[in-house]
Amino acid sequence: MEKVKHVSIKDIAAALHVSLATVHKALTGKPGISDARRKQILTAAQEMGYAVNPAAQSLSRKSRHIGVIYPAVWHEFFAQMMSGIEEELFSLQNYKVAGVYYIIPASPAEAEAEQIRHWLQTEQIDAVLYCASHFAYDDIAAHALRDCGCPVFWVGGGNENPLNVPSITVDAVLAGKMAADFLCCTCSEPLQAAIFLGSMKNDVHKAKTEAFCQRVRENGGDVLCICETEDVPEKAYTAVQKQYAAHPELNAIFVCTATSEPVCAFLQENGLQKQIALLGTDIFDALQDYVKTGIMKGTIYQNQEQVGRLSAASAYEYLTKHQSYGYADWQPEKLLLVKPSLLLKANLE
């Protein structure tokens, strides 16, 4: 097999009859050449199949700081996401990439947005991963990150993205459809279902809910109630208690957020696990026993580690391709979706 020739900057310089210094300036985005010449060189580089060696480029490049902002609340959810981010950043350490972290406290101060902006400047952040949650946290982050001067990636969903920046999150529509199909197969009668979510203001929760409801009805069932609990366990417990009393025909529940545990507790306390098929979301330590004992039939795993890894990789790709290599027109995808999966008892044994 004929060996494929590696295209170098010397080849590009020779093809265009320009100096190596001119090619280097064009590929690295440095000043000193005209826009027309830069465009000519970048076009030629792409047509000739020139591939940048990130490891070699990193030797002469300053360190890159990727800032990671996440809330102190909902540790079980964000711990998996942070694990994926940290793993990806660790794999990039030889490329002079480091993560810098900012935790928004459970009770943010009025000046929190200003503190985030100060952190961005003092830490010399080159790109931001905001691990989206909802309510006040996203409002604070949006206020702090608007016009911050560096690329921002909205990670994990949350409120509808107010910054018009790239989002990396679970495929919520697929998750809703999976939940409906699974519960339809589990129940011998047409579904008379309830769905529990944090808030319809949360774009991921809203998309799951709409997809679930549509799929249940397509399969000949009905959704009796949509319960917004704001991810407060006490509200989830009270809601399932109220809905069971109001709808004795209830035979399936999908909890599309992190508050599966109080719903499980209610079914267990009242011996309803055979009457009501329950499907949860994610798999925290406290939920595993509920799955193993059959109180929860399964759970939709949102693969938060993969969401985290993909977000860190996207930020690095943007910094290298857009800033270091002169591809001024390169933009990251506005929406990257990670496929969820269904976990059953067998997956946990």
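Computed from a predicted structure; not experimentally measured.

Student: Honestly, the sheet that holds strand S7 (residues 222–228) in this entry has me stumped. Any pointers?
Tutor: Sheet strands line up and pair through hydrogen bonds in the backbone, either parallel or antiparallel. Read across the open sheet, the 6 strands follow the order S7-S6-S8-S9-S10-S12; overall the sheet is mixed. Each edge of the sheet is formed by a strand with only one pairing partner; in this case those strands are S7 and strand S12 (341–343). Put simply, the sheet's adjacent strands are angled 20 degrees from each other on average, direction ignored. Bridge analysis of strand S6 (residues 192–197) against S7 gives 6 bridges, and the strand direction is parallel. From the neighbouring strand, Ala194 faces S7, where its bridge partner is Cys225. Across the face of the sheet, helix H8 (residues 172–186) comes into contact with strand S8 (252–255), strand S9 (277–281), strand S10 (298–301) and S12 while running at roughly 160 degrees to S9. Contacting S6, S8 and S9, helix H11 (residues 260–269) crosses the sheet at an angle of about 160 degrees to S9.

Student: Hey, could you run me through H8 in this one?
Tutor: Two residues of an α-helix separated by three or four positions point the same way, owing to the 3.6 residues in each turn. For H8, which comprises 15 residues, the first-to-last C-alpha distance of 21 Å matches the rise-based estimate of 21 Å (1.5 Å per residue) to within 8%. When we look at burial in H8, the residues that qualify are Ala172, Ala175, Gly176, Met178, Ala179, Ala180, Phe182 and Leu183. Against strand S5 (167–170), helix H9 (203–218), S8, S9, S10 and S12 lie the buried residues of H8.

Student: In this structure, what is going on with the packing of aromatic side chains? I would like to understand it.
Tutor: Geometry of an aromatic ring pair is reported as the spacing of the ring centres plus the angle between the planes. Across all of its chains, the model carries 7 aromatic pairs by this definition. Aromatic side chains Phe153 and Tyr318 sit 6.4 Å apart centroid to centroid with 75 degrees between the ring planes, which places their arrangement in the edge-to-face category. Of this pair, Phe153 sits in strand S4 (residues 152–155) while Tyr318 sits in helix H13 (residues 304–324), and the two are 165 residues apart along the sequence. Exposure remark for Phe153: the relative accessible area of 1% places this residue in the buried category. A residue is classified by how much of its surface remains accessible, and Tyr318, at 11% relative accessible area, is buried. Of the aromatic side chains, those joined through ring pairs into one cluster are Tyr237, Tyr244 and Phe266.

Student: Explain the pairing of strand S11 (residues 335–338) here, please?
Tutor: Within a regular strand, side chains alternate between the sheet's two faces. Of the two faces of S11, the one holding Leu336 and Val338 is buried and the one holding Leu335 and Leu337 is not buried anywhere. Where S5 meets S11, 4 bridges bridge the pair, whose relative direction is parallel. Along S11, the bridge assignment pairs Val170 with Val338.

Student: I'm lost on the sheet that holds strand S2 (residues 97–104) in this one. Help?
Tutor: Taken in spatial order, the 6 strands of this open sheet run S2-S1-S3-S4-S5-S11, and their pairing is parallel. What marks the edges here is a single partner per strand, and that holds for S2 and S11. If you compare each strand with its neighbour and ignore which way they point, the axes differ by 20 degrees on average. The pairing of S4 with S5 spans 2 bridges and is parallel. Among the inter-strand pairings, Val155 is bridged to a residue of S5, identified as Ile168. Sitting on the sheet, helix H5 (residues 75–91) touches strand S1 (64–71), S2, strand S3 (127–131) and S4, and the angle it makes with S1 is about 175 degrees. Packing against the sheet, helix H6 (residues 112–122) makes contact with S1, S2 and S3, and its axis sits at approximately 165 degrees to S2.

Student: Would you explain the packing of H11 against helix H12 (residues 285–292) in this entry?
Tutor: Relative placement of two packed helices is described by the angle separating their axes and the distance separating the axes. Relative orientation of the contacting elements H11 and H12 amounts to 35 degrees, with a least axis distance of 10 Å. Judged by the sense of rotation from one axis to the other, the crossing of H11 with H12 is left-handed. Taken together, the residues of H12 that come into contact with H11 (itself represented by Ser260, Glu261, Cys264, Ala265 and Gln268) are Ala286, Leu287 and Tyr290. A breakdown of the residues in the contact of H11 with H12 according to their chemical character gives 5 nonpolar, 2 polar and 1 charged.

Student: Can you walk me through empty space enclosed by the protein in this structure?
Tutor: One way to see where empty space is left: roll a probe the size of a water molecule over the atoms. Evaluation of the coordinates by the stated rule reveals 1 cavity of 30 Å³ or more. If you add up the space inside the largest cavity, you get close to 240 Å³. Residue lining of the largest cavity: 22 residues in total, with Phe77, Asn202, His205, Asp231 and Thr257 positioned closest to the centre. Counting only elements with at least two residues in the lining of the largest cavity, the list comes to H5, S5 and H9.

Student: Please clarify how the nonpolar core should be interpreted in this entry.
Tutor: Generally speaking, a soluble globular protein has its nonpolar side chains buried in company with each other. In terms of nonpolar packing, the biggest core is built from 52 residues, with Val68, Ile85, Leu129, Cys131, Phe196, Ile253 and Leu278 touching the most fellow members. Not counting residues up to four positions away in its chain, the partners in contact with Ile253 are Leu183, Ala194, Phe196, Val240, Val263, Ile276, Ala277, Leu278 and Leu279. Of all hydrophobic cores here, the second largest spans 24 residues; its members include Val73, Ile116, Tyr137 and Ala141.

Student: Just checking my understanding: could you explain the layout of surface pockets for this structure?
Tutor: Computed from the structure, the largest pocket encloses a volume of approximately 250 Å³. Considering the residues around the largest pocket, the lining is formed by 14 residues, among which Glu76, Ala258, Thr259, Glu261 and Phe284 are closest to the centre. Of all the secondary structure elements, the ones that give two or more residues to the lining of the largest pocket are H5, H11 and H12. Residue composition of the lining of the largest pocket, by class: 8 nonpolar, 2 polar and 4 charged.

Student: Where do I start with the side chain of Thr299 in this structure?
Tutor: With respect to the helices and strands, Thr299 occurs in strand S10. Side-chain polar atoms of Thr299 contact the backbone oxygen of Gly280, separated by 3.3 Å. Among all residues touching Thr299, those that are not within four sequence positions of it are Leu279, Gly280, Thr281, Asp282, Ile283, Ser341, Leu342 and Leu343.

Calculation rules
For every chain, the first residue of the written sequence is number 1, and numbering continues from 1 onward in sequence order. Local features in this predicted model are restricted to residues whose pLDDT is 70 or higher, and side-chain atom pairs enter the listing and the counts only when it is 80 or higher, whereas totals over whole chains, interfaces and linings include all residues. In computing side-chain values, all of the structure's heavy atoms are included and hydrogens and water are not. Following DSSP output, two strands are said to pair if at least two bridges run between them. Labels follow the DSSP assignment, with helices taken as runs of H or I lasting at least four residues and strands as runs of E lasting at least two, numbered in each case from the N terminus. Axis lines are fitted through C-alpha atoms, for helices just across the contact stretch, and the angle between N-to-C directions can take any value from 0 to 180 degrees. The contact criterion used throughout is that any non-hydrogen atoms of two residues lie within 4.5 Å. Here, expected helix span is obtained from the residue count minus one, scaled by 1.5 Å. Between buried and exposed lies partly exposed: a residue is buried under 20% and exposed over 50% of the maximum accessible area for its type, with that area taken using a 1.4 Å probe on protein chains only. Only Phe, Tyr and Trp rings take part, Trp by its six-membered ring, and two of them pair if their centres are within 6.5 Å. Stacked means planes under 30 degrees apart, edge-to-face means over 60, and tilted covers everything else. Throughout, a crossing is termed right-handed when the near helix is turned clockwise from the far one, and left-handed when it is turned anticlockwise from it by less than a right angle. Any residue outside Ala, Val, Leu, Ile, Met, Phe, Trp, Tyr, Cys, Pro, Asp, Glu, Lys and Arg is labelled polar, Gly included; the first ten of those are nonpolar and the last four are charged. In this analysis a 1.4 Å probe is tested at points of a 1 Å grid over the protein atoms alone, and where it fits but cannot get out there is a cavity; an open set with protein on both sides within 12 Å along at least five of seven lines is a pocket; lining residues have an atom within 4 Å of a point. Grid points are joined across faces, edges and corners, and a volume is the space filled by probe spheres set on the points. What we call a nonpolar core is a set of buried Ala, Val, Leu, Ile, Met, Phe, Trp, Tyr and Cys residues that are connected through their side-chain atoms within 4.5 Å. Residues adjacent in sequence count toward polar contacts only when both atoms are side-chain atoms; beyond that, a polar contact is any pair of N or O atoms within 3.5 Å, and within protein one must be able to donate a hydrogen and the other to accept it.

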